[in-house]
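If you want the building blocks of each chain, they are given just below.
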Amino acid sequence: MRRFGHDLVELPLSAGGPSVVYGKIPDCPAGTVFKNRREAYDAGVHRTTQAGIAGQAEGTQSVCLSDGYSDDEIQGDLITYTGFGGRDANTGRHIADQKLEQGNLGLVENYKLGRPVRVLVKESVLTGRRADTEYIYLGLFVVAGWSWGMRDGFKVLVYQLRAVAGDSITADETAETLTRGEETPTQRRSSTVNRIVRNYEVAASVKRLYDNTCQICSTRLETAAGPYSEGAHIRPLGIPHNGPDTLDNILCLCPNCHVLLDGHALTVQPDGTVLKRGEPAGTLTVSTAHNLNFSNLAYQLEISTGVSNLGRGGVDST
Ligand SMILES: [Zn+2]
């Protein structure tokens, strides 16, 4: 293990800042334990000894969950991670809106590219024991979704991270192992525990219901292999949203509108009015046979704008 025979050497930062490396670190498998943040820095896992996010607007290389913040949530192969900024350094309370910039924006870039982010977690986050001060590298996670949330009355960015099978250990399996006092697993033992299992029949039925025609823009794509559409969950599956995988929470959309919905550019008002970046852009087509749950659309509107931002319009891009 790296924690043995490892000299702590202060490495000078190069003029261009910390080196930017995405994805796997050679000789550092998921499950590697570090004595402290400095060791994880030196190994190249998380190239900052203070910040929770190592990243820039162009992309984020790694995040670290430490017990100072209680917002983060772990369930199966999913982690909810809250962005940086807006906190009082002393109390940890939110005193300003977070912004979609620097490493926060970088995580959205990772989402768009499907580029994984390394996840480091303080042992105490997993075990709940404050005395557990080591850091565990959980491996690679993809950014499965992002949204706005509210904390103490201020907007925060909320990311859903999903463990990459084969390149990660799941947080809750690791927590159980550590709590039993055993060594951490160095590879995933199971990929079926607490995973989101999608019911593809539900998506198939919404596509049948609308004959693969987009409920927002009425596009019906015809490929060489027949018509194509996507089943889009309105309230996202998994923590922190926990939307249901049921017909009343799914829209039949074209790929463009699906990307815009998940990217929070499209929202739907309770009366069915579709807003594109806050501006009216048509009406949602709803079949009488489709019992849509409009409270899920209200939820999607909320996580797309942040409650405090209603009326100010969409994403803050400063
Ligand atoms: Zn469309």
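A brief report on the enclosed structure follows. Since this is a predicted model, take the numbers as computed values, not measurements.

## Observations regarding the coordination of the zinc ion
Taken together, the protein donors to the zinc ion comprise Cys214 (SG), Cys217 (SG), Cys254 (SG) and Cys257 (SG), at separations of 2.3 Å. Each of the 4 donor atoms bound to the zinc ion contributes to angles spanning 106 to 116°, and the resulting shape is tetrahedral. In primary sequence terms, the donor set of the zinc ion follows C-x2-C-x36-C-x2-C. Here the residue cysteine 217 occupies a position in the loop between α5 (200-209) and β9 (221-223), and cysteine 254 occupies one in the loop between β12 (250-253) and α6 (255-262), the gap between them amounting to 37 residues. What makes cysteine 217 partly exposed here is its relative accessible area of 36%.

## A few points about unusual backbone geometry
Cis rather than trans, the peptide bond between isoleucine 239 and proline 240 has omega equal to 0°. Here proline 240 is to be found in the loop between β11 (230-233) and β12. Within the chain, aspartate 211 stands out as a residue other than glycine whose phi angle is a positive 50°. Counting through the fold element by element, aspartate 211 comes out in the loop between α5 and β9. In this structure aspartate 211 comes out as partly exposed when scored by relative accessible area, which is 43%. Located in the positive-phi region is arginine 277, a residue other than glycine, with phi close to 50°. Counting through the fold element by element, arginine 277 comes out in the loop between β14 (273-276) and β15 (279-283).

## Here we look at the packing of aromatic side chains
Taken as a whole and judged by the stated rule, the model has 0 aromatic pairs. Above the face of the tyrosine 41 ring, arginine 47 is positioned so that its terminal group lies 4.4 Å from the ring centre.

## Brief notes about the pattern of salt bridges
Applying the stated criterion across every chain yields a total of 7 salt bridges. Here arginine 220 and aspartate 211 are joined by a salt bridge, their closest N and O atoms 3.2 Å apart. A salt bridge links arginine 220 to glutamate 222, with the nearest nitrogen and oxygen atoms 2.8 Å apart. On the basis of relative accessibility, which here comes to 34%, the residue arginine 220 falls in the partly exposed class.

## Quick notes on the environment of tryptophan 146
Tracing the backbone shows tryptophan 146 in strand β7 (residues 135-151). Residues tryptophan 146 and histidine 264 lie 118 residues apart in sequence; the distance between their C-alpha atoms is 8.9 Å.

## Some thoughts on the nonpolar core
Ranked by size, the top nonpolar core spans 28 residues in total, and within it Val63, Leu138, Tyr159 and Leu161 carry the most contacts. Residue assignment for this core shows that the elements contributing at least two residues are β3 (59-65), β5 (78-82), α2 (102-113), β6 (117-122), β7, β8 (154-168) and α4 (171-179). The residues touching leucine 161, leaving out its near neighbours within four places in the chain, are Val63, Asp77, Leu78, Ile79, Tyr81, Val117, Val119, Phe141, Val142 and Val143. Listed in part, the 15 residues of the second largest apolar core include Cys254, Val274, Leu284 and Leu292.

## Structural notes on the sheet that holds β15
The 3 strands lie next to each other as β13-β14-β15, forming an open sheet whose pairing is antiparallel. Looking at which strands have only one partner, the edges of the open sheet turn out to be β13 (266-268) and β15. Ignoring which end each strand starts from, the neighbouring axes of this sheet average 30° apart. In this sheet, β15 lies alongside β14 in antiparallel orientation, the contact comprising 3 bridges. The residue bridging lysine 276 from the neighbouring strand is glutamate 279, located in β15.

## With respect to the side chain of serine 62
The residue serine 62 is located in strand β3 in this model. A relative accessible area of 1% means that serine 62 is categorised as buried. Within the local environment of serine 62, its side chain forms a polar contact with the backbone oxygen of valine 45, the two atoms lying 3.3 Å apart. For serine 62, the residues in contact, after removing those within four places along its chain, are Val45, His46, Arg47, Gly52, Ile53, Ala54, Val117 and Arg118.

Calculation criteria
- Residues numbered from 1 in each chain as written.
- Predicted model: local features only at pLDDT ≥ 70, side-chain atom pairs only at ≥ 80, totals over all residues.
- Heavy atoms only, no water.
- Donors = N, O, S within 2.8 Å, 3.2 Å for Na, K, Ca; no water.
- Tetrahedral: all angles 85-135°; square planar, octahedral: opposite > 155°, others 65-115°.
- Helix = DSSP H or I, 4+ residues; strand = E, 2+ residues; numbered from the N terminus.
- Buried < 20%, exposed > 50% of the residue type's maximum accessible area, 1.4 Å probe, protein only.
- Phe/Tyr/Trp six-rings, centres within 6.5 Å; stacked < 30°, edge-to-face > 60°.
- Lys NZ or Arg CZ within 6 Å of the ring centre and 35° of its normal.
- Salt bridge = Lys/Arg side-chain N within 4 Å of Asp/Glu carboxyl O.
- Core = buried A, V, L, I, M, F, W, Y, C linked by side-chain atoms within 4.5 Å.
- Contact = heavy atoms within 4.5 Å.
- Pairing = 2+ DSSP bridges.
- Axes fitted to C-alpha atoms, helices over the stretch in contact; angles between N-to-C directions.
- Polar contact = N/O pair within 3.5 Å; in protein donor to acceptor, adjacent residues only side chain to side chain.

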